[in-house]
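Listed below, chain by chain, are the residues.
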Amino acid sequence: MDKERIKGKAEDIAGRVQRQVGEWTGDEKAQAEGLAKQAEGKVRNAVGKAKDEIRDAKDKLGKDKLEEDRIKREEEDRKVIERDKDVA
């Protein structure tokens, strides 16, 4: 999990708390600041999620490439074995 997701979730929660306290006390400035903090946390969380998805896609491509290379090596090995059988 990307660090941005963790920071974003923490910021979102802190913003919710600040906004709620502002609502209870009637402090409009605290409400607005809390709402802004929530929004920033949600954006940061979304950025972290996108990073995770990109990283996962790269990992999958890497694994697919390794599997493709393994299959090619096996095919080449079979060809060599067949050629050696024909020579013998």
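Predicted model only: the values in this text are computed from it and were never measured.

Draft legend 1. How the structure looks around the overall build of the chain. When its secondary structure is counted, the chain shows 2 helices and 0 strands. The globule rule puts the C-alpha radius of gyration for 88 residues at 12 Å, and the 27 Å found for the chain is more than 25% above it. Projected onto its principal axes, the C-alpha coordinates of the chain cover approximately 95 × 10 × 10 Å. For the chain, the residues scored as buried account for 15% of the 88 residues in total.

Draft legend 2. Spotlight on the pattern of salt bridges. This structure, assessed with the given rule, holds 11 salt bridges. Taking the shortest distance from any N to any O, the salt bridge between Glu-23 and Arg-19 comes out at 2.9 Å. Linking Glu-23 with Arg-19, this pair stays in helix 1 (residues 3-25), spanning 4 residues, or about one helical turn. In this structure Arg-19 comes out as partly exposed when scored by relative accessible area, which is 22%. Note that Asp-52 and Arg-55 form a salt bridge whose closest N and O atoms lie 2.8 Å from each other. Linking Asp-52 with Arg-55, this pair stays in helix 2 (residues 28-87), spanning 3 residues, or about one helical turn. Taking relative accessible area as the criterion, Arg-55 reaches 37% and is therefore assigned partly exposed. What you see here is one network of salt bridges that share partners, running through Glu-4, Glu-11 and Arg-44.

Draft legend 3. Main features of a nonpolar patch on the surface. Judged by side-chain polarity, Ile-13, Val-17, Val-21 and Trp-24 come together as a nonpolar surface patch covering roughly 430 Å² of accessible area. Within the secondary structure, Ile-13 is located in helix 1.

Draft legend 4. Up close: the environment of Lys-7. Among the structural elements, Lys-7 can be located in helix 1. Spatially, the C-alpha atom of Lys-7 lies 58 Å from that of Glu-82, the residues being 75 residues apart in sequence.

Draft legend 5. Region of the structure containing the side chain of Glu-11. Inspection of the secondary structure assignment puts Glu-11 in helix 1. Setting aside anything within four residues of it in sequence, one finds Glu-11 in contact with Lys-37, Gln-38, Glu-40, Gly-41 and Arg-44.

The rules we used
- Residues numbered from 1 in each chain as written.
- Predicted model: local features only at pLDDT ≥ 70, side-chain atom pairs only at ≥ 80, totals over all residues.
- Heavy atoms only, no water.
- Helix = DSSP H or I, 4+ residues; strand = E, 2+ residues; numbered from the N terminus.
- Rg over C-alpha atoms; globule rule 2.2 N^0.38 Å.
- Buried < 20%, exposed > 50% of the residue type's maximum accessible area, 1.4 Å probe, protein only.
- Salt bridge = Lys/Arg side-chain N within 4 Å of Asp/Glu carboxyl O.
- Patch = residues over 30% accessible without salt bridge, like charges linked within 9 Å, V, L, I, M, F, W, Y side chains within 5 Å.
- Areas by Shrake-Rupley, 256 points an atom, 1.4 Å probe, with all protein chains shown as cover.
- Contact = heavy atoms within 4.5 Å.

Treat this as a map of the structure, not an account of what it does.
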